[in-house]
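Examining the three-dimensional arrangement
Residue-level listing of the chains:
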Amino acid sequence: MQILYRYIFRRALAASLFAITTCCVIASLINLFDILDDVVKQNVGPETLFTYLGVNMLPRMTDLLNVMMILAGLFTTGELGRRLELVGMRAAGLSDVMLVMPVGVLGLILFIVVGYSQIELVPGLLRTGNQMRTQIKYGHTGTDISGPFYVQMGRMSMQAEDVGPKQDYLSDVRIVVSEGGKVSEVYQADQLARISGKWVFDTGTYRILDPSTGQVMRYENFTRLGYPARFASPPE
């Protein structure tokens, strides 16, 4: 019985490793496509590029791994069924619970590994990845901050993931405007920069909502958008 359990475990492990490898490749390609234009513009070296892809691989994999592990389970059962091994195991008196037990043990091990990664590794990797992306996109890193920059200014709240070294830009900016305690406008941009003495949004989206229903009344993409004159500018 132990020999049979080890055999099923090895087959499931091989399928899982194949799924994880495929997941790594897909995650790296997605990350590469996200920054490909900036890599060409800034002439980023291979060492920086591969370091960025490695740092961002694990956070991106968490979005793909669940589907990949389901496929790994299908690959395992499909291969065992194609060779009629499942038929032989059932004919020998093994129940469904006994057949699933080795796969369940592997799933528990992977669950512990993924859970630990989500708690201990992913947050730090995300911060490092955001700083490296800023370096790739703008040629220099922002100020190292432990968490998102956040400030409340009257009817407007602003959040940014990174602050420029001279506080002349904010990256990954999200500004929410409220009317009567309900959201009325949302600005989302890659960067809020001071250009010629004025704050300007760069590459993002703008939405105006009906505060009573929350329905989007207007939605548009932009490449440059001036900072609203009716709101207080970010503090110096």
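The coordinates are above.
Residues numbered from 1 in each chain as written. Predicted model: local features only at pLDDT ≥ 70, side-chain atom pairs only at ≥ 80, totals over all residues. Heavy atoms only, no water.

Taken as a whole and assessed by the stated rule, the structure comprises four aromatic pairs. Each ring, one from Y187 and one from F201, has its centre 5.4 Å from the other, and the planes form 10°; the classification is stacked. Linking Y187 in strand β4 (residues 182–195) with F201 in strand β5 (residues 198–209), this pair joins segments that are 14 residues apart in sequence. The structure contains a cluster of three or more aromatic residues connected by ring pairs, namely Y187, F201, Y206, F222 and Y227. (Phe/Tyr/Trp six-rings, centres within 6.5 Å; stacked < 30°, edge-to-face > 60°. Helix = DSSP H or I, 4+ residues; strand = E, 2+ residues; numbered from the N terminus.)

Moving on, we come to the pairing of β5. Relative to β5, β4 runs antiparallel, the two sharing 10 bridges. Across the sheet, residue A193 finds its bridge partner in β5, namely V200. From the end of β4 to the start of β5, which pair antiparallel, there are two residues, and S196 there has a positive phi angle of about 55°. Note that β5 and strand β6 (residues 216–226) share nine bridges and pair antiparallel. Across the sheet, V200 pairs through a bridge with G226, a residue of β6. Remark: six residues form the turn of the hairpin made by β5 and β6, two consecutive strands paired antiparallel; G214 in that turn has positive phi of roughly 80°. (Pairing = 2+ DSSP bridges.)

So far we have only geometry, and geometry alone does not tell us how the molecule works.
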